[in-house]
Amino acid sequence: MTILPDDPDDPTRINAEWQDGFARLSIFETGPSPEKPLIDPVNLSALESELETLRNTARFAPYLVWRETRDGQINWANTAYLDLATTLHPENANSWPPKRLFTLLAEASSSPQPEMKRVSIKGRKPDEVLWFDLLCKKTNGTTLCFATPADAIVQAETSLKGFVQTLTKTFAHLSIGLAVFDKNRQLALFNPALTDLTRLPIDFLSIRPTLFAFLDRLRENQMMPEPKDYKSWRHQMLALEEAAADGTYEETWTLPGGQTYRVNGRPHPDGAVALLFEDISAEISLTRNFREELEVGQAVLDALDDAVVVFSQTGMITISNAAYASLWGVDPGTSFAEMSITDATRSWQDICDPTPLWGHLRDFVGDPDDRRNWFGDATLDDGRQLECQISPLAGGATMVKFHVKPAPKKPAKKRNTPRKTSAKT
C-alpha cells in the first residue's frame, strides 16, 4: 500500500507492507515527471547492487551484528542476532526492537582498533552458558557491535587448563625438577621440586621468566657450574637451548656447593623445551665410595704373592691380580673382550703338563649345586709344582688361587779331592 502526502506537490511517498510478521515502511520520492527521474539510472543500479551486497553480507554472517542507540535500544540487527534473540526469548518473537542480549561492560572505544572482550550470556537451560568475543565501535552517534561465538575456544581453554592442572598435580609428587618453556622460551610449567633443587623463589617462577633469565638466576645463585667468563657462558646456553630442542642435551653439573645434578633437555610439541633437574649427589657419592672400595680391594689382591682369579656364575672372569698376569702372561683387566673359564683354562694348558684338573674346574664353575672347597695340583712346563685352591663365593662366583711351589734344590755333587799323605822319613 502506498501512502500519499497531503500536499500534492510533495514528491515523498510511503510504501507500507507486511513482511514475515513485520510492518515494513519504505519512504521514497518521485520525480516531477516519469520521463525525468531524480536519480541517474546507472548510479541507482550501482547503489542498489551495493545495498544488496551489504544486506546479504549482514544476513548470512555467522556472527552477531547489531547497532544500539545511546540509550541502549537496538535499532538494527542482522539475521544471526534476531535468530538467537528469538531462540533465547521466544516470547518476544516478531517484535521490534528485539531483546537486548548483551550488556556492554564499558563504553565502546573510539580508537580505530577497539578492544575485544570475552563475555557470556545465559542460555535457555539453567546451567547453559554461551560465550562470545564482543567488539563494539562508536559511529555516527550509535554503537555498532560484533559478537563472535567463542564456545569452542572457551571449552578448549578450559580443557587445556584442566590438563595443565592435572599435569601439575602429577608432577608435584616427582623428585625431579621440571621446567617447561614454550616456543617463545618463556616458562610455562614447573613443579615444586624445581624450587627445592634450584632454590629459585616461587614469585620469580610465577612471572614466567625467559629461558635465559632462568639460567641467569641459576648462575647468580651458584646452582650451575661456574663459567670462566660470561661470554663463553652465553655461548654454552645457546648450545644448551639448541641441544635441548633436538633432545640431545644431557650433562652432569658439579655445583660449587658440592652437589651434583643431572640435567636433561627434551623437546616438546609446538616448539616447547623441557629441562629436567635430578639430584644425583648420593648416587655419585655411592659410586665414588664403591670405586674406592674396588681400588682398595684390587690393591690388596695385587699385594698377594699367590695368583688369584674370580669367575662369575656365568663363567666369566670378574677380577684378577697382578700375580695372575705374571704367572700366566695374560692380564684380563686390559683385554677388550671378556674372558671365560674356557679361555682361561686353554691358556693354562699351554704352559702346564696335561692334567684333568682344568676339566673338573670348568665343570665346577658351571655347577650351581656342588659348592665346596677343594684342591688340585698341576705341573708347569718348567717343572714347578702348582697348588690350586678352588673356593665358592657368594652369588655363585668361584675363586681360584694358584700357589707356585719353589723348585726343589738339587743336592750338591761331592768333589773327589786327592788324599794328602805325609812323607816318611
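First, a word on scope: everything that follows refers to the structure included in this document. Since we're looking at a predicted model, the values are computed, not measured.

A few points about the overall build of the protein chain
Tallying secondary structure elements over the protein chain gives 11 helices and 18 strands in all. In the protein chain, which comprises 425 residues, the proportion classed as buried is 30%. The long-range fraction of contacts in the protein chain, counting pairs at least 24 apart against all pairs at least 6 apart in sequence, stands at 36%. Put simply, the protein chain shows about 28300 Å² of open surface, and 54% of that area lies on carbon and sulfur atoms.

Regarding the pairing of strand 8 (residues 142–149)
Where strand 4 (residues 64–68) and strand 8 come together, five bridges link them in antiparallel fashion. Across the sheet, the residue bridging to valine 65 is phenylalanine 146, located in strand 8. Summarising the sheet, strand 7 (residues 129–139) and strand 8 pair through eight bridges and their orientation is antiparallel. For leucine 134, the partnering residue across the bridge sits in strand 8 and is alanine 147. Counted between consecutive antiparallel strands, the loop separating strand 7 from strand 8 contains two residues, among which asparagine 140 sits at a positive phi close to 55 degrees.

A word on the sheet that holds strand 3 (residues 22–29)
The strand order across the open sheet formed by three strands is 1-2-3, and the pairing between neighbours is antiparallel. Only two strands of the sheet have a single partner each, and these edge strands are strand 1 (2–3) and strand 3. Note: strand 2 (residues 12–19) against strand 3, eight bridges, orientation antiparallel. Bridge pairing in strand 3 links arginine 13 to phenylalanine 28.

With respect to the sheet that holds strand 12 (residues 260–267)
The sheet built from five strands is open, its strands ordered 10-9-13-12-11 with antiparallel pairing. The open sheet has two edge strands, strand 10 (187–190) and strand 11 (249–254), and neither has a second partner. The mean inter-strand angle of the sheet, taken between neighbouring strand axes irrespective of direction, is 20 degrees. Sheet topology note: the strand 9 (residues 177–181)/strand 10 ladder contains three bridges and is antiparallel. When the bridges of strand 10 are listed, valine 180 appears paired with leucine 189.

Points about the side chain of aspartate 133
Within the secondary structure, aspartate 133 sits in strand 7. For aspartate 133, the side chain forms a polar contact with the side chain of arginine 118, separated by 2.5 Å.

Describing the side chain of threonine 198
Assignment of secondary structure puts threonine 198 in helix 4 (residues 192–198). Note on threonine 198: relative accessible area 1%, which makes it buried. A polar contact of 2.5 Å, which involves the side chain of threonine 198, links it to the backbone oxygen of leucine 194. Not counting chain neighbours up to four residues away, the residues in contact with threonine 198 comprise Leu218, Asn221 and Met223.

Quick notes on helix 6 (residues 211–220)
Buried within helix 6 we find Leu211, Phe214, Leu215, Asp216 and Leu218. With its phi angle positive at about 55 degrees, glutamine 222 sits one or two positions after the end of helix 6.

Notes on helix 10 (residues 341–350)
Three or more residues of helix 10 are buried, namely Ile341, Ala344, Thr345, Ser347 and Trp348. Along the axis of helix 10, the buried residues cluster in a sector spanning 160 degrees; they form a single face. Close packing links the buried residues of helix 10 with strand 14 (307–311), strand 15 (317–320), helix 9 (322–328), helix 11 (357–365) and strand 18 (398–404).

A short note on the environment of phenylalanine 28
If you trace the backbone, phenylalanine 28 turns up in strand 3. Residue classification places phenylalanine 28 among the partly exposed positions, given a relative accessible area of 34%. Sequence-wise, phenylalanine 28 and isoleucine 14 are 14 residues apart; in three dimensions their C-alpha atoms are separated by 6.5 Å. If we ignore the near neighbours within four places in the chain, the residues touching phenylalanine 28 are Thr2, Pro11, Thr12, Arg13, Ile14 and Asn15.

Parameters and conventions
- One numbering rule holds for all chains: residues counted from 1, following each sequence as written.
- Restriction of local features to residues with pLDDT of at least 70 applies here, the model being predicted, together with a cutoff of 80 or more for giving and counting side-chain atom pairs; totals for whole chains, interfaces and linings are based on all residues.
- Only hydrogens and water are set aside; all other atoms, that is, all heavy atoms of the structure, feed into the side-chain values.
- By definition, any uninterrupted DSSP run of H or I lasting at least four residues is a helix, any uninterrupted run of E lasting at least two residues is a strand, and each is numbered from the N terminus.
- Exposure categories follow from relative accessible area, calculated using a 1.4 Å probe and restricted to protein chains: below 20% of the type maximum is buried, above 50% is exposed, and the middle band is partly exposed.
- A contact between two residues is defined here by any heavy atoms of the two lying within 4.5 Å.
- Surface accessibility in these figures is a Shrake-Rupley result with a 1.4 Å probe; residues are shielded only by whichever protein chains are displayed.
- A strand pair is defined by DSSP finding two or more bridges across the two strands.
- Here the axes come from fitting lines to C-alpha atoms, over the contacting stretch only for helices, and the angles between their N-to-C directions go from 0 to 180 degrees.
- As used in this structure description, the phrase polar contact means that two N or O atoms lie within 3.5 Å; if the pair is within protein, one of them must be able to donate a hydrogen and the other to accept it, and residues adjacent in sequence are counted only when both atoms belong to side chains.
- This arc is taken over the directions from the axis of the helix to the C-beta atoms.

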